[in-house]
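As a plain string of letters, each chain reads:
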Amino acid sequence: METILSITNLNKIYNKYVHAVNNVSLEIHKGNVYGILGPNGSGKSTTLGIVLNVVNKTSGEYSWFGGAVETHEALKKVGAIIERPNFYPYMTAKQNLELVCKIKNIDYSKVQEKLALVGLVEREDSKFSTFSLGMKQRLAIASALLNDPEILILDEPTNGLDPQGIHQIRDIIRLIASQGTTILLASHLLDEVEKVCSHVLVLQKGKILYSGTVDGMTANEGYFELQSDDNETLKTVMSSHPAIEKVVFEEGKVLVYLKSPLEASALNRFLFEKNIFLNHLVKRKTSLEDQFLELTKNK
Amino acid sequence: MKRLLSIELQKIWLSKSSRILTISYFFLLSFIALIASIKFNIGSFQLHIAEQGIFNFPYIWHFNTYIAAILKFFLAIVIVSMMSNEYSYGTLKQNLIDGMSKQEFVLSKFLTVVVFAFASTIFVFIMSLILGYSFSSYTEFSIVFSDLEYLLAYFIKLVGFFSLCLFLGILVKKSAFAIGFLFVWNILESIVKGILSFKVFPEGKSAENILQFFPLESMSNLIVEPFSRLSVVKNIQTAIGGAGNGKDYDVHLTSLLIVLAWTVIFMLMSYKLLKKRDL
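Position labels on residues start from 1 in each chain and follow its written sequence. To label them, take the chains in the order written and letter them from A, then take the ligands in the order written and number them from 1. Per-residue local features are limited, in this predicted model, to residues with pLDDT of at least 70; the limit for side-chain atom pairs, both in listing and counting, is 80 or more; totals at the level of whole chains, interfaces and linings are taken over all residues.

A. Summary view of the sheet that holds strand β1 (residues 3–14) of chain A. All names here are of chain A. Reading across the sheet, the three strands line up as β2-β1-β4 and stay open at both edges, with antiparallel pairing between neighbours. Each end of this open sheet is capped by a strand with a single partner; those strands are β2 (18–29) and β4 (59–64). Put simply, the sheet's adjacent strands are angled 15 degrees from each other on average, direction ignored. At least two DSSP bridges between two strands are required for those strands to pair. Segments assigned H or I by DSSP are reported as helices when at least four residues long, segments assigned E as strands when at least two residues long, and all are numbered from the N terminus. Bridge count for β1 against β4 is five bridges, and the pairing is antiparallel. Residue pairing for β4: L5 is matched across the bridge by W64. Fitting a line to C-alpha atoms yields each axis, with helices limited to the stretch in contact; the angle taken between N-to-C directions then spans 0 to 180 degrees.

B. Here's a closer look at the domain arrangement of chain A. Residues and elements named next belong to chain A. The split of the chain into domains comes from an automatic or database domain assignment. Segmentation of chain A into domains returns domain 1 (3–218) and domain 2 (223–296). For domain 1 versus domain 2, the distance between C-alpha centres works out to 41 Å. By definition, residues are in contact whenever their C-beta atoms, placed on the basis of the backbone, come within 7 Å of each other. At the junction of the two partners, domain 1 supplies twelve residues and domain 2 supplies nine residues. At the level of secondary structure, the elements contributing two or more residues to the side of domain 1 that touches domain 2 comprise α7 (190–196), β8 (199–204), β9 (207–213) and α8 (214–218). The nonpolar class holds Ala, Val, Leu, Ile, Met, Phe, Trp, Tyr, Cys and Pro. Asp, Glu, Lys and Arg form the charged class, and all remaining residues, Gly among them, are polar. Its residues assigned to classes, the side of domain 1 that touches domain 2 shows nine nonpolar, two polar and one charged.

C. Examining helix α6 (residues 163–178) of chain A more closely. All names here are of chain A. Given the number of residues in a helix, its expected span is that number minus one, multiplied by 1.5 Å. Taking 1.5 Å per residue as the helical rise, α6 with its 16 residues ought to reach 22 Å, and the 22 Å between its terminal C-alpha atoms agrees with that figure. Burial in this document is a count-based property: other C-beta atoms within 10 Å of a residue's C-beta are tallied, and the residue is buried at 20 or more, exposed at 12 or fewer, or partly exposed in between, with C-beta positions derived from the backbone. Along α6, the positions that sit buried rather than exposed are Q168, I169, I173 and I176. Here the buried residues of α6 occupy an arc of 135 degrees about the axis, which is enough to place them on one side. Looking at α6, the residues exposed on the side facing more than 90 degrees away from the buried face are P163, Q164, D171, L175 and S178. Residues of α6 that are buried make contact with α5 (133–145), β6 (151–155), β7 (182–187) and α7. Throughout, the arc means the angular range of directions from the helix axis out to the C-beta atoms.

D. Structural detail: the pairing of β9 of chain A. All names here are of chain A. As judged from the six bridges shared by β8 and β9, these two strands associate in the antiparallel manner. Within β9, the position partnered with V200 by the bridge is G212. In this antiparallel pair of consecutive strands, β8 and β9, the connection spans two residues, and K205 shows a positive phi of 45 degrees.

E. Broad picture of the environment of G180 of chain A. For G180 of chain A, the position within the fold is in the loop between α6 and β7. Considered as a pair, G180 of chain A and M91 of chain A are 89 residues apart in the sequence and their alpha carbons are 32 Å apart.

F. The pairing of β1 of chain A, seen in detail. Residue and element names in this part refer to chain A. Note that β1 and β2 share eight bridges and pair antiparallel. Looking at the pairing, I7 lines up with L26 of β2. The antiparallel hairpin formed by β1 and β2 contains three residues in its connecting segment, where N15 sits at a positive phi of about 50 degrees.

G. Main features of the nonpolar core. By size, the foremost hydrophobic cluster in this structure holds 125 residues, and its most contacted members are I79, F162 and C165 of chain B. If sequence neighbours within four positions are ignored, I79 of chain B has contacts with V113, F162, C165, L166 and G169 of chain B. Structurally, a nonpolar core is described as a collection of buried Ala, Val, Leu, Ile, Met, Phe, Trp, Tyr and Cys residues joined by way of C-beta atoms within 7 Å. Residues F224, M238, V247 and V254 of chain A belong to the second largest nonpolar core, which totals nine residues.

H. Molecular detail of the sheet that holds strand β5 (residues 78–81) of chain A. Residues and elements named next belong to chain A. What the six strands build is an open sheet, ordered β5-β6-β7-β3-β8-β9; its pairing is mixed. The open sheet has two edge strands with one neighbour each: β5 and β9. Ignoring strand direction, the axes of neighbouring strands in this sheet form an average angle of 10 degrees. Where strand β3 (residues 33–37) and β8 come together, four bridges link them in parallel fashion. Counted as the bridge partner of Y34 is H199 from β8. α5 contacts β5 and β6 of the sheet and is inclined by roughly 165 degrees relative to β5.

I. The packing of helix α3 (residues 93–104) of chain A against helix α1 (residues 2–13) of chain B, seen in detail. The interhelical angle for the contact between α3 of chain A and α1 of chain B, taken along N-to-C directions, is 160 degrees, at an axis separation of 9 Å. Of the possible angle classes, the one that applies to α3 of chain A and α1 of chain B is roughly antiparallel. Here the hand of the crossing between α3 of chain A and α1 of chain B comes out left-handed. Residue-level inspection shows L99, K102 and I103 of chain A of α3 of chain A in contact with α1 of chain B, the latter providing R3, S6, I7 and Q10 of chain B. Looking at the contact of α3 of chain A with α1 of chain B residue by residue, the class counts come to three nonpolar, two polar and two charged. By the definition adopted for this analysis, an angle is roughly parallel if under 35 degrees, roughly antiparallel if over 145, roughly perpendicular if from 65 to 115, and oblique otherwise. The hand of a helix crossing depends on one turn: near helix anticlockwise from the far one by less than a right angle means left-handed, and clockwise means right-handed.

J. Expanded view of the interface of chain B and chain A. The interface of chain B with chain A comprises 22 residues on the first partner and 23 residues on the second. Of all the elements in the fold, those that place two or more residues in the side of chain B that touches chain A are α1 and α5 (91–97) of chain B. Broken down by element, the side of chain B that touches chain A gets its largest block of residues, six residues, from α5 of chain B.

Shown next, in the form of structure tokens:
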């Protein structure tokens, strides 16, 4: 698989004692959608800032497209939006995009197409300063897509938007992802990452806690929610089953966590043989949110 | 290079305030011609400035470049704000993310500075030529095109001064503070100048020798004030009983080199600063 970005042992220390990025390594391969998860201040933006040439690294290496070109040349093939949309307020949407074309050294032919993609054609001659936050963010996406980039980097793209705005941005991201563009999405919104990403990187205090596929992160064995007329007996019986890790009571239900695979039908038959009849049986997968909270707990 | 310039000029030209300031700068430059119409009435004696030889070739090169250089503050505001705005809009960050290198960024600003200085020089050249041919007592080719080093000095002076503005814009990040800083710098240089010439080295030329290396002082040394060179003023001086002031009005190579050196220093420091900073 073609590597787009590789980061090895990256470190960033602000003011000699704030260790914002701590020994982060990762590889971005073509065609995947990556999510970087982490609470606020976990080093997501700093990591992106370093590879985007706006923050200086303290140590470690990173290379774009196998390291064949200099960072600023590589960035011409990258589309990136960082935190908030930055444009010249006195220029119109179109003029701003044309300026980006000049910087990326491409002609203006894509300007109209990208404005149409984000639904800003009718506002192309309005000044940027007159735009709402949602429109500004969409213009930023249009700008990032101008050169049909190999990879699109989005840092908190839905921050501060209203529900419609969030929905529009997500639709655009999904559309772009479906066209095979590699995407790197930093966010603290878990459902956002779960909905669009195939791979995930969990950061906390600058350290990587998890790196792999989203499925891999949520694909532990899951748990059962059970209820019967006699929950006490149910609990004792369940604890004796070899596939069970632990059994807990919660809100009148018995939650059964597994350590090895167990089908709902097998569990049902097992309890039936023990003369226990269930009122309620649901098998649930651990959500990304649960996993994330589990990972970042007590660290 | 053309790409960098077109990026920068778009940024300046589309901004209304920068555009208005730039236009009024060139508009005001052309007002030097108005000096031609100044007339004094001292009792029955009428003094017509244009007839006192200020528009005589080659003196006009000296006079006009000196006057024109005073107006450089208008462009200084444009240049300081074109730099500090990049910080306040966050567009410096965005430009770098879009694939501009920090070197290109500084270079594009510097090229704009050179273009502004060059345009001013051409403007002053043409205007002086027209004024000169209208009022000068001498219009022989060899006289008209002598002393053109004042134009070179003017050009270098502007490039040096604008580079300083650019550096302050990057250093301070806010246009109002950067311009304030420029004034503070100016005052500090004057204070040091005063201390050096009246307290530390009251005699001899040591103070002057040290002062010529100060950035603003070196820029003002490029073109010495032209007024005391005017024949009217000289006549008055002799009438009062002074024996001429023996002042040296020429453009010196050393002052050109000092200002060029400062230009290089300011641009390198701007680049280093940009490189070191986390945005």
